[in-house]
Amino acid sequence: MKIVTWNVNSVRVRLPLLEELIKTENPDVILLQETKCMNDVFPREFFESYNYHLAIHGQKTYNGVAIISKYPIENIKCNLDDESVEARYIEGFTNGKYVASIYVPCGNKSPEAYEYKQKFLSQVASRWDSDDEIVLGGDFNVAMSDKDIQTPEKWVGSVLCTPEVRSEMQKVFDKSFFDVHVDQFGKNDFTWWDYRRPNEGLRIDYILVKNIAGKLETLRKYRQMERPSDHVPVMITLT
DNA sequence: ATGGTAGCCGAGCTA
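Naming follows an unreviewed UniProt entry, where chain A appears as Exodeoxyribonuclease III of Candidatus Cytomitobacter primus. Regarding chain A, the relevant UniProt record gives this comment under Sequence similarities (unreviewed entry): "Belongs to the DNA repair enzymes AP/ExoA family."

Caption draft 1: How the structure looks around the pattern of salt bridges. Counted according to the given criterion, the structure contains 18 salt bridges. Of the charged contacts in the structure, one is a salt bridge between K2 and E25, with a shortest N-O distance of 3.0 Å. Placement of K2 in strand β1 (residues 2–7) and of E25 in helix α1 (residues 15–25) is noted, with a sequence separation of 23 residues between them. Between K23 and E19 there is a salt bridge; the shortest N-O distance is 3.5 Å. Of the two residues, K23 and E19 both sit in helix α1, four residues apart, roughly one turn of that helix. Look at K23 and you get exposed, because its relative accessible area is 57%. By relative accessible area, E19 is classed as partly exposed at 29%. In this structure, a network of salt bridges that share partners links the residues K77, E91 and R127.

Caption draft 2: Expanded view of the nonpolar core. In terms of nonpolar packing, the biggest core is built from 25 residues, with I102, L136, F140, M169 and L208 touching the most fellow members. At the level of elements, β7 (97–103), α3 (111–127), β8 (134–139), α4 (163–173) and β10 (205–210) are the ones that each hand at least two residues to this core. The element that contributes the greatest number of residues to this core is α3, accounting for five residues. The residues touching L136, leaving out its near neighbours within four places in the chain, are A100, I102, V124, W128, V172, F177, Y206, I207 and L208.

Caption draft 3: Fine view of the UniProt feature "site: Interaction with DNA substrate" (unreviewed entry) in chain A. Those residues carrying the UniProt feature "site: Interaction with DNA substrate" (unreviewed entry) are H231 in this numbering. Position of H231 relative to the elements: it lies in the loop between β11 (214–218) and β12 (234–238). Excluding residues that lie within four positions of it along the chain, H231 makes contacts with W6, N7, D139, T191, W192, I204 and D205. In terms of polar contacts, H231 uses its side chain to reach the side chain of N7, at 3.4 Å.

Caption draft 4: Representation of α3 in the model. With 17 residues, α3 should reach 24 Å at 1.5 Å per residue; the first-to-last C-alpha distance of 25 Å fits that figure. Here α3 has its buried residues at A113, Y114, K117, Q118, F120, L121, Q123, V124 and A125. Its buried side turned inward, α3 meets β6 (89–94), β7, β8 and α4.

Caption draft 5: View of the sheet that holds β8. Pairing is mixed in the open sheet, where six strands are placed in the order β5-β6-β7-β8-β10-β9. Two strands in the sheet have a free side with no partner beyond their single neighbour: β5 (74–78) and β9 (178–179). Taken together, the six bridges between β8 and β10 define a ladder with antiparallel strand orientation. Along β10, the bridge assignment pairs V135 with V209.

Caption draft 6: Broad picture of the protein's contact with DNA strand B. Taken together, 17 residues surround DNA strand B, and among them S10, R14, R88, R196 and R227 come closest. Take the atoms of DNA strand B that sit within 4 Å of the protein: sugar and phosphate atoms are 61% of them. Between a base oxygen of DNA strand B and a side-chain N or O atom of Y62, the distance comes to 3.3 Å. The separation between a phosphate oxygen of DNA strand B and a polar side-chain atom of R88 is 3.2 Å. Here the surface near DNA strand B is built from residues that sort into four nonpolar, four polar and nine charged.

Caption draft 7: Representation of the packing of aromatic side chains within the structure. Enumeration according to the criterion identifies 10 aromatic pairs in this entry. Considering the side-chain rings of W155 and W192, the 5.9 Å spacing of their centres and the 70 degrees angle between planes classify their relative orientation as edge-to-face. Of the two residues, W155 is situated in the loop between β8 and α4 and W192 in the loop between α5 (180–184) and β10; the sequence distance between them amounts to 37 residues. On the accessibility criterion, W155 (7% relative accessible area) is buried. An aromatic cluster is built from F42, F46, F47 and Y50, whose rings are joined through pairwise contacts.

Analysis parameters
- Residues numbered from 1 in each chain as written.
- Chains lettered and ligands numbered in written order.
- Predicted model: local features only at pLDDT ≥ 70, side-chain atom pairs only at ≥ 80, totals over all residues.
- Heavy atoms only, no water.
- UniProt positions renumbered as here; feature names shortened; annotations may be inferred.
- Salt bridge = Lys/Arg side-chain N within 4 Å of Asp/Glu carboxyl O.
- Helix = DSSP H or I, 4+ residues; strand = E, 2+ residues; numbered from the N terminus.
- Buried < 20%, exposed > 50% of the residue type's maximum accessible area, 1.4 Å probe, protein only.
- Core = buried A, V, L, I, M, F, W, Y, C linked by side-chain atoms within 4.5 Å.
- Contact = heavy atoms within 4.5 Å.
- Polar contact = N/O pair within 3.5 Å; in protein donor to acceptor, adjacent residues only side chain to side chain.
- Expected span 1.5 Å × (residues − 1).
- Pairing = 2+ DSSP bridges.
- Near = heavy atom within 4 Å.
- Nonpolar A, V, L, I, M, F, W, Y, C, P; charged D, E, K, R; others polar.
- Phe/Tyr/Trp six-rings, centres within 6.5 Å; stacked < 30°, edge-to-face > 60°.

Have a look at this one:
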């Protein structure tokens, strides 16, 4: 079973690259972030033509998350609390596993946004106490270690790597979620570049697993293609 | 020290 997470920065613009991903990797599950469209204009037919089921949670212009699966998706839940106005979280049960597509707020636009980021991360941590097989994929907007930053000296004080957000993210790991990447690479393998800073990669996209093992890959070629996202897909092949 | 790009949508916000 292959599961991909990808912040596509507009699902409609990224359809050619998604088609390449589906044709070459044929993933069982695709977790999308920043789909940037309402549900009624989501390119549902495109995915259905490849025999996928969909669970989508859209928003106009910003955010938006989705679960795309070869298997039926049950127990679909959107948002981590009833007050959420931003579409940043969707979970479901598919092929015997719980999966979630998560887009953690960046938190750099205001002090309130930064507070919200920390609250959001703490809600992710407290969501999962069960002993089920769980895969959390998404853009967590946190670089846990300076090894996850190509030029750490240029990112000192950034909301992507403060002690506070690293501490909140650690609370997710403390719920028995395992960062497969650290074990298998342990060195630079970045997932996001600001379009304006192409030589300053960070690893802020994660696949976190609980009671599951697998082999992880960062699909770097999707950054070299026409009209790339600012993130590359991250894929796990379960073992 | 600043601004640099991309996507939303059709100016300015978010990242």
